[in-house]
Amino acid sequence: MPIRTAARRRAAATAATACALAVVLTACSGTTKDSAKQDDSTAGADAPAAASANPDAPLKKDLKLAFLPKQINNPYEKIVDEAGIKAAEEYGATGKEVGPSDASASSQVSYINTLIQQRQDAILIAANDPNAVCGPLKQAMKKGIKVVAYDSDTAKDCRQLFINQASSEQIGRSLVQHLGEQLGHKGKIAILSATQNATNQNTWIEFMKEELKLPAYKDMELVKVAYGDDADQKSFQQTQGLLQAYPDLKGIISPTTVGIAAAARYLSDSSYKGKVVLNGLGTPNQMRKYVKDGTVEQFSLWNPEELGYLGSYAAASLASGQITGAEGEKFTAGTLGEYTIGKDGEVILGEPTVFDKKNIDKFDF
């Protein structure tokens, strides 16, 4: 799918409520309170305070950018990172992807330490945990390395920017709204998430729960939040377990590309096909066959290529001194156009797209 033009992709600061909740719930694979306290020992290791923005500064040549996804074998994050690496070529930089094969809380720490030793100009991270990565990220910023979180945030003082795929509130509430319409606002539902401490997942789930409190959903009941750990087989098994535990389940929301594909695979070959509504976040290429065979009516997602592209330009703008990450600063992200930094360093890509039989063949990612 091509990068959209500037006229269609201008972003503004997110609503204060969404930002505040995103800061509180920023997580992406668990840590304990004790481990978070250990990270506090590096609280003074913030980025140099003397930095000031020069919006007229050109993007520096030969920058080195490193993308650190939740896990290296995640198809969705591969799309994001490859797009960011390709974007780096546009402005004469070099990008690479490194990362763990599992999405555990501390799995990214050793990679951050290595990237610091390699003197990268910027680290872009989809955090497995908001706090477990903070110690080394603060050390990176202390050494002048710019830190940009994307897709799944860190704690706000552990990075300069967070590239959010869409408003967290919009994502969470819209998933419930879509499922409610499909179910006629009646029946038991469940959520199939990624890891228990996933930043983005937990933020969206909190907004889902807030939406479910509205009068329109008085006849809908959230019976369970299950966790597939962004592992295909475990997500498949969790779907099976949900339907065994709640045989009268009417709907499942899976706000993870791994989870929704695994759930769709289970439903497509079961007696629940056509009886249990599945909605959530997925890529067109992985969900196309399930939409066409009637297992899934619709699902949502933003363009992951654009997310990586935006993150790449944001990191380059930071490393070049065009911006510092302060609210209200603006920068240009190549063909996506101009973006404005919102509260707590958040930059929002734009609105997600709803995919169904009518439009899914127009997309290829």
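Residues numbered from 1 in each chain as written. Predicted model: local features only at pLDDT ≥ 70, side-chain atom pairs only at ≥ 80, totals over all residues. Heavy atoms only, no water.

K.L.:
Could you give an account of the pairing of strand β8 (residues 249-254), with specific residues and numbers?
P.N.:
Burial analysis of β8 places five of its six residues in the buried class, the great majority of the element. Bridging between strand β6 (residues 187-193) and β8 involves four bridges; their strand directions are parallel. Bridge pairing links K188 to L249 in β8. Here four bridges tie β8 to strand β9 (residues 277-280), and the two strands are oriented parallel to one another. (Buried < 20%, exposed > 50% of the residue type's maximum accessible area, 1.4 Å probe, protein only. Helix = DSSP H or I, 4+ residues; strand = E, 2+ residues; numbered from the N terminus. Pairing = 2+ DSSP bridges.)

K.L.:
Summarise the side chain of R159; cite the residues concerned and give the values.
P.N.:
Tracing the backbone through its elements, the reader meets R159 in the loop between β4 (146-150) and β5 (161-164). Overall, R159 belongs to the buried group, its relative accessible area being 6%. For R159, the side chain forms a polar contact with the side chain of D153, separated by 2.8 Å. Sequence-distant contacts of R159, that is, excluding residues within four places in its chain, are made with M141, V147, A149, D153, T154, D344 and G345. (Polar contact = N/O pair within 3.5 Å; in protein donor to acceptor, adjacent residues only side chain to side chain. Contact = heavy atoms within 4.5 Å.)

K.L.:
An account of unusual backbone geometry is requested, with residue identities and associated values reported.
P.N.:
Even without a glycine there, the phi angle at R119 is positive, about 55°. As for its position among the elements, R119 is in the loop between α4 (109-117) and β3 (122-125). Look at R119 and you get exposed, because its relative accessible area is 66%. Within the chain, H185 stands out as a residue other than glycine whose phi angle is a positive 60°. Considering the arrangement of structural elements, one finds H185 in the loop between α6 (168-183) and β6.

K.L.:
Help me get a handle on the environment of G92, residues and values and all.
P.N.:
Tracing the backbone shows G92 in the loop between α3 (75-90) and β2 (94-97). Relative accessible area serves as the criterion here: at 31%, G92 is assigned to the partly exposed category. Residues contacting G92, with those up to four places away along its chain left out, are K61, D62 and L63.

K.L.:
I'd like to hear about the packing of α6 against helix α7 (residues 199-212), residue by residue, with values.
P.N.:
Running from N to C, α6 and α7 cross one another at 50°; their axes reach a closest spacing of 7 Å. Between α6 and α7, the angle falls in the class oblique. Two packed elements cross with a definite hand, and for α6 against α7 that hand is right-handed. When α6 is examined against α7, the residues S168, E169, I171, G172, R173, L175, V176 and Q177 are found in contact with a partner set consisting of T203, W204, F207, M208, E210, E211 and L212. Here the residues of the contact of α6 with α7 are counted per class, giving seven nonpolar, four polar and four charged. (Axes fitted to C-alpha atoms, helices over the stretch in contact; angles between N-to-C directions. Parallel < 35°, antiparallel > 145°, perpendicular 65-115°, else oblique. Left-handed = near helix turned anticlockwise from the far one by under 90°. Nonpolar A, V, L, I, M, F, W, Y, C, P; charged D, E, K, R; others polar.)

K.L.:
Give a detailed account of the state of the cysteines, specifying residues and quantitative values.
P.N.:
A full pass over the atoms with the stated rule returns one disulfide. Note on cysteine connectivity: C134 is disulfide-linked to C158, with sulfurs 1.8 Å apart. Across the S-S bond of C134 and C158 the torsion is about 95°, and the bridge reads as right-handed. Taken together, the residues span a long stretch of sequence, with C134 in helix α5 (residues 134-142) and C158 in the loop between β4 and β5 at a distance of 24 residues. The pair formed by C134 and C158 is uniform in burial state, with each residue classed as buried. (Disulfide = S-S within 2.5 Å.)

K.L.:
Residue-level account of the pairing of β9, with values.
P.N.:
Neither face of β9 is left uncovered, since the one carrying V277 and N279 and the one carrying L278 and G280 both have all their residues buried. After leaving β8, the chain enters helix α9 (residues 257-268) and then returns to the sheet as β9, a path that is right-handed. (Right-handed = clockwise from strand over helix to strand, strands pointing away.)

K.L.:
Can you tell me about the sheet that holds β3, naming the residues and giving the values?
P.N.:
A sheet is described by the order of its strands in space; here six strands give the open sequence β2-β1-β3-β4-β5-β13, paired in parallel fashion. Looking at strand neighbours, the two that pair on one side only are β2 and β13 (346-348), the edges of this open sheet. With direction set aside, neighbouring strand axes in the sheet form an average angle of 20°. With four bridges connecting them, strand β1 (residues 64-68) and β2 associate as parallel partners. Paired with A66 across the strands is K96, a residue of β2.

K.L.:
Any details on the confidence of the model for the chain? Residues and values, ideally.
P.N.:
Residue-level pLDDT values for the chain average 88, and 86% of them are 70 or greater. Here residues 1-49 is modelled with pLDDT under 50, and outside its nearest four sequence neighbours on either side it reaches 125 contacts, counting other chains as well. (pLDDT = per-residue confidence, 0-100.)

K.L.:
Please provide a residue-by-residue account of the nonpolar core, values included.
P.N.:
Ranked by size, the top nonpolar core spans 77 residues in total, and within it W302, L310 and F331 carry the most contacts. With nine residues, the single largest contributor to this core is helix α11 (residues 304-319). Counting residues in hydrophobic clusters, the runner-up holds 20 residues, among them A66, I116, V133 and A155. (Core = buried A, V, L, I, M, F, W, Y, C linked by side-chain atoms within 4.5 Å.)

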